[in-house]
Amino acid sequence: MFHVSVEDTFSSGHALRGYRGKCENVHGHNYRVRVTVEGPQLDSIGLLVDFTLLKQVMREIIGRLDHQFINDLEPFRAVNPSAENLAKYFYDEMQRGLKDLPPGARITDAIIWETDTSQAKYSPAK
Ligand SMILES: [Zn+2]
């Protein structure tokens, strides 16, 4: 299998509902996100999927979150904006934005870093 990943960063505020501790209060993170696609075959010029396309879709999603208070945005008015739920959000929204992946290719996972040393990954159950 071939695997390709794109990464980007954004800065947003959030507050974890129901959490006892500092993260219950409004605070911000410089988030990093990475999404990976895998597939068995390359196209005629040797690409699995164009990085430019992946980055374009990722930038669109980031555009909704960057410099915003995530708790005020759907679906995070109801869904707690944890790193885990943000990872699933990126997975789902990338899935929605990448309709024409080549045969056999799929998004394997999305990873969100809240800090350099803390990350959460979402991948669908097999
Ligand atoms: Zn936080």
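Residues numbered from 1 in each chain as written. Predicted model: local features only at pLDDT ≥ 70, side-chain atom pairs only at ≥ 80, totals over all residues. Heavy atoms only, no water.

Some remarks on helix 2 (residues 83-97)
The first and last C-alpha atoms of helix 2 sit 21 Å apart over 15 residues, in line with the 21 Å expected at 1.5 Å per residue. When helix 2 is considered as a whole, its buried residues turn out to be Ala83, Leu86, Ala87, Tyr89, Phe90, Tyr91, Glu93 and Met94. Next to the buried residues of helix 2 lie strand 1 (2-14), strand 2 (27-39), helix 1 (51-65), strand 3 (106-115) and strand 4 (118-122). (Helix = DSSP H or I, 4+ residues; strand = E, 2+ residues; numbered from the N terminus. Expected span 1.5 Å × (residues − 1). Buried < 20%, exposed > 50% of the residue type's maximum accessible area, 1.4 Å probe, protein only. Contact = heavy atoms within 4.5 Å.)

Digging into the coordination of the zinc ion
Ligation of the zinc ion by protein atoms is provided by His14 (NE2), His27 (NE2) and His29 (NE2), these donors lying 2.0 Å from the ion. For the zinc ion, all donor residues lie on one chain, and their spacing in sequence is H-x12-H-x1-H. Residue class for histidine 27 comes out partly exposed when judged on its relative accessible area of 21%. Of the residues examined, histidine 29 reaches a relative accessible area of 12% and is grouped as buried. (Donors = N, O, S within 2.8 Å, 3.2 Å for Na, K, Ca; no water.)

So, the sheet that holds strand 1
Sheet architecture is open: four strands sit in the order 1-2-3-4, paired in antiparallel fashion. With partners counted over all chains shown, the strands left at the sheet margins are strand 1 and strand 4, one partner each. Direction aside, the axes of adjacent strands within the sheet are offset by 20° on average. The strands touched by helix 1 are strand 1 and strand 2; relative to strand 1, the strand with the most contacts, the crossing angle is about 15°. (Pairing = 2+ DSSP bridges. Axes fitted to C-alpha atoms, helices over the stretch in contact; angles between N-to-C directions.)

Digging into the pairing of strand 4
Summarising the sheet, strand 3 and strand 4 pair through five bridges and their orientation is antiparallel. Of the residues in strand 4, the one forming a bridge with isoleucine 111 is lysine 121. The turn joining strand 3 and strand 4, which pair antiparallel and follow one another in sequence, is formed by two residues.

Remarks on the packing of helix 1 against helix 2
As a packed pair, helix 1 and helix 2 sit with axes 10 Å apart at the nearest point and diverge in direction by 130°. Looking at the two axes, helix 1 sits oblique to helix 2. Crossing of helix 1 against helix 2: the hand is right-handed. Residues Leu54, Val57, Met58, Ile61, Ile62, Arg64 and Leu65 of helix 1 lie in contact with helix 2, whose contacting residues are Leu86, Tyr89, Phe90, Glu93, Met94 and Gly97. For the contact of helix 1 with helix 2, the per-class residue count stands at ten nonpolar, one polar and two charged. (Parallel < 35°, antiparallel > 145°, perpendicular 65-115°, else oblique. Left-handed = near helix turned anticlockwise from the far one by under 90°. Nonpolar A, V, L, I, M, F, W, Y, C, P; charged D, E, K, R; others polar.)

With respect to the side chain of histidine 14
Here histidine 14 is to be found in strand 1. Engagement of the side chain of histidine 14 in a polar contact is seen with the side chain of tyrosine 31, the distance being 3.3 Å. Sequence-distant contacts of histidine 14, that is, excluding residues within four places in its chain, are made with Asn25, Val26, His27, His29, Tyr31, Phe69, Ile70, Asn71, Pro81 and Glu114. (Polar contact = N/O pair within 3.5 Å; in protein donor to acceptor, adjacent residues only side chain to side chain.)

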